[in-house]
Amino acid sequence: MNIKQLIYHATLAPSGHNTQPWKFSVNNNVVRIYPDFDRALPVVDGDNHALYISLGCALENLVISAKKEGLASRVDYFPDDEHEESIRITFTGESNESEQELFDAIPVRQSNRSMYDQQSIPPADIEQLLQANELKNIKVKTFDANEKSVDPIIELVKEACEIQFNDRKFVKELISWIRFTKKEVRTQKDGLTAEVMGFPYIPRWLGRIILKVFVKPESEAEKTEKQIRSSSHLFLFISEKNDKKHWLDTGRAFQRTVLKATSHGISHAHLNMPCEVESVRKKLSRHLGLTPGERPMLLIRLGYADEVPRAPRRPVDEVLTHGVE
């Protein structure tokens, strides 16, 4: 069993601003995943729900990779007998349940922020994406980007987008995670590279000026609407409750869905603004008629697009708090 390879696949999970907010430890047949709050996003993710969603994505990648190795896993969320808050994965024996299609998609999956080609995803593929989510406590609501029913969702996305880009703290936090130069990419191995954001590598001082002075909230909202209109569908992940367990499960459901999408050549990107801005999230919940306990957790767009540059990842040795024993 190559534990480092399993952890490597876990680190290919998505995270907000590509902060990679995870640490791992290994002890015999047990892997633990820890939240790394030094990589939290206190402005855009004040309650850390997106951080735990990212941990759920990493967890799902690890469990799928273990199945590929023929290993069955038992997952314990925040067990009381641990000294530190963690997700504990225990490899309990052999498994014949290989998910080859999802495993093969792990290194290929990427968040694609580009314009899509407006091609519609076939209904049969949409159904397969929905079936990829095996968790009953996470619902997925779909919206066809070419139907009028999506218009209120687009307006809420735009409203939240403008609120965020009018917030100096939000912009400052975003800038801190953009890697404007190739040197920053090499040394940090995290964050949003200039290529990923769709502009050339430039000095940090120039990038800060451009984002602070020339990027306008209204233009960002308009650009986001165009991106949605170029897509085929929106998927909204809704949790039954608003707690850490459901945040993790949202990540697991989302990761399985987008791995299945990747295996079908379908791109995805986050549109999470209306889930992040509390006032807009309440409007979204009312519009959808959600119960008081339910929470819109994650909104993505899906469609077809060319591959874009890949986001960097830190090597396994940098995320291991203890070596492989």
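Remember, it's a predicted structure, so these values are computed and weren't measured experimentally.

Engineer: What is the right way to read the sheet that holds strand β8 (residues 233–239) from this model?
Structural biologist: Note: strands within a sheet are paired through backbone hydrogen bonds, in either parallel or antiparallel orientation. Overall, antiparallel pairing links the four strands, which are arranged β5-β8-β10-β9 in an open sheet. Only two strands of the sheet have a single neighbouring strand rather than two, namely β5 (138–144) and β9 (267–270). Each adjacent strand pair in this sheet contributes to an overall mean axis angle of 25 degrees, direction not counted. Where β8 meets strand β10 (residues 295–303), seven bridges bridge the pair, whose relative direction is antiparallel. Within the sheet, the bridge partner assigned to Leu 234 lies in β10 and is Arg 301.

Engineer: Before we go on, may I ask you to explain the side chain of Ser 267 in this structure?
Structural biologist: As for its position among the elements, Ser 267 is in strand β9. Exposure remark for Ser 267: the relative accessible area of 12% places this residue in the buried category. Discounting chain neighbours no more than four positions away, the residues touching Ser 267 are Asn 112, Tyr 116, Arg 301, Leu 302, Gly 303 and Ala 305.

Engineer: Any chance you could explain the packing of aromatic side chains here in plain terms?
Structural biologist: Within the structure shown, the criterion is met by seven aromatic pairs. With 6.4 Å between their ring centres and 55 degrees between their planes, Tyr 77 and Phe 78 make a pair best called tilted. The partly exposed category is assigned to Phe 78, whose relative accessible area is 22%. Of the aromatic side chains, those joined through ring pairs into one cluster are Phe 37, Tyr 52, Tyr 77, Phe 78 and Trp 247. The aromatic ring of Phe 78 is capped on one face by Lys 244, whose charged end is 6.0 Å from the ring centroid. Over the ring of Tyr 116 we find Arg 301, and its NZ or CZ is 4.1 Å from the ring centre.

Engineer: When you look at the pattern of salt bridges in this model, what are you seeing that I'm missing?
Structural biologist: When their charged atoms lie close together, side chains carrying opposite charge are able to pair. As enumerated under the stated definition, the model contains 30 salt bridges in all. A salt bridge links Arg 88 to Asp 81; its shortest N-O distance comes to 3.0 Å. Across the pair Lys 282 and Glu 278 runs a salt bridge, and its minimum N-O distance is 3.6 Å. Within this pair, Lys 282 and its partner Glu 278 are both found in helix α13 (residues 278–288), separated by four residues, close to a single helical turn. A residue is classified by how much of its surface remains accessible, and Lys 282, at 46% relative accessible area, is partly exposed. If you follow the salt bridges from partner to partner, you end up with Arg 32, Arg 74, Asp 76, Asp 81, Glu 82 and Arg 88 in one network.

Analysis parameters
Residues numbered from 1 in each chain as written. Predicted model: local features only at pLDDT ≥ 70, side-chain atom pairs only at ≥ 80, totals over all residues. Heavy atoms only, no water. Pairing = 2+ DSSP bridges. Helix = DSSP H or I, 4+ residues; strand = E, 2+ residues; numbered from the N terminus. Axes fitted to C-alpha atoms, helices over the stretch in contact; angles between N-to-C directions. Buried < 20%, exposed > 50% of the residue type's maximum accessible area, 1.4 Å probe, protein only. Contact = heavy atoms within 4.5 Å. Phe/Tyr/Trp six-rings, centres within 6.5 Å; stacked < 30°, edge-to-face > 60°. Lys NZ or Arg CZ within 6 Å of the ring centre and 35° of its normal. Salt bridge = Lys/Arg side-chain N within 4 Å of Asp/Glu carboxyl O.

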